[in-house]
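# Coordinate inspection notes
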Amino acid sequence: MKKKNIILIGFMGVGKGTVARALVKKTDMFAIDTDDLIESMENRKIKKIFEDEGEPYFRNLEKKTALWLEKNVSNTIISTGGGFYKQENLNKIGKVVYLKSSFQGILDRINEAPNAQNKLKKRPLLQNIEEAIKLYDSRVKEYEKVAKIVVDVEKKDIKDIIKEILGKI
Ligand code: S3P
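What counts, and where the lines are drawn
Residues numbered from 1 in each chain as written. Predicted model: local features only at pLDDT ≥ 70, side-chain atom pairs only at ≥ 80, totals over all residues. Heavy atoms only, no water. Helix = DSSP H or I, 4+ residues; strand = E, 2+ residues; numbered from the N terminus. Rg over C-alpha atoms; globule rule 2.2 N^0.38 Å. Buried < 20%, exposed > 50% of the residue type's maximum accessible area, 1.4 Å probe, protein only. Contact = heavy atoms within 4.5 Å. Areas by Shrake-Rupley, 256 points an atom, 1.4 Å probe, with all protein chains shown as cover. Lys, Arg positive; Asp, Glu negative; His and termini not counted. Charge placed at Lys NZ, Arg CZ, Asp CG, Glu CD. Core = buried A, V, L, I, M, F, W, Y, C linked by side-chain atoms within 4.5 Å.

### Observations regarding the overall build of the protein chain
Within the protein chain one finds nine helices and five strands. Along the protein chain, from the amino end to the carboxyl end, the secondary structure elements read β-α-β-α-α-α-β-α-β-α-α-α-β-α. Computed over C-alpha atoms, the radius of gyration of the protein chain comes to 15 Å, within 12% of the 15 Å expected from 2.2 N^0.38 for 169 residues, which places it in the range of a compact globule. If you line up the protein chain on its principal axes, its C-alpha atoms span 40 × 35 × 30 Å. By the burial criterion, 46% of the 169 residues in the protein chain qualify as buried. Contacts in the protein chain between residues far apart in sequence, at least 24 positions, make up 74% of those at least 6 positions apart. Element-wise, carbon and sulfur atoms account for 51% of the exposed surface of the protein chain, whose accessible area totals about 9,500 Å². Counting 34 positive and 25 negative side-chain charges, the protein chain places the averaged centre of each group 5 Å from the other.

The following block contains the structure:
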């Protein structure tokens, strides 16, 4: 089976879900989100999973999700949680696209959203800004390493982002 999936990776709040939904409108592809899959599998929110079980348990669910995606999904735009890029089979699932932005650009994007507080609250690893910056710094190079395509999304119109992704794919 030819996979033909697109996997969107990048830091929390960079707009992976928004880009996935916009890509769906311009293609014949379907869209799914790894956090949504995990939440429905567990019947509880990511925040609750972290609180109840801790991060390693969540990372295991991500691994299970990655294996499932590789076996079962095609013609789909897959938006991922910010830590999903660590999955070893990422390149077997589909073409990896990294949505790149500075940390400040991400914070600005979140703060501009009408539901900014909710966007912050629901993310356990975004509760302490100093810690979040450290996490961002530890990941930026890794995102670039695993990606086939890098798209700078900071301060860019969604239409231009979509055009760039479809042009590079
Ligand atoms: C995480 C990002 C979150 C979610 C979880 C952990 C991370 O997804 O998977 O809170 O490790 O960066 P978003 O990138 O959609 O916020």
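### Let's talk about the nonpolar core
In this structure, L8, I9 and L99 are the most contacted members of the largest nonpolar core, which totals 42 residues. Beyond its immediate stretch of four places on either side in the chain, I9 contacts K16, T80, Y85, L90, V96, V97, Y98, L99, Y143, V146 and A147. By size, the runner-up hydrophobic cluster in this structure holds six residues, among which are I38, I49, F50 and F58.

### A closer look at unusual backbone geometry
Phi is positive for N43, close to 55°, though the residue is something other than glycine. Positionally, N43 belongs in the loop between α2 (34-42) and α3 (46-53). Unusually for a residue other than glycine, K155 sits at a positive phi of about 55°. Examined against the element boundaries, K155 turns out to sit in the loop between β5 (149-152) and α9 (158-168). On the accessibility criterion, K155 (76% relative accessible area) is exposed.

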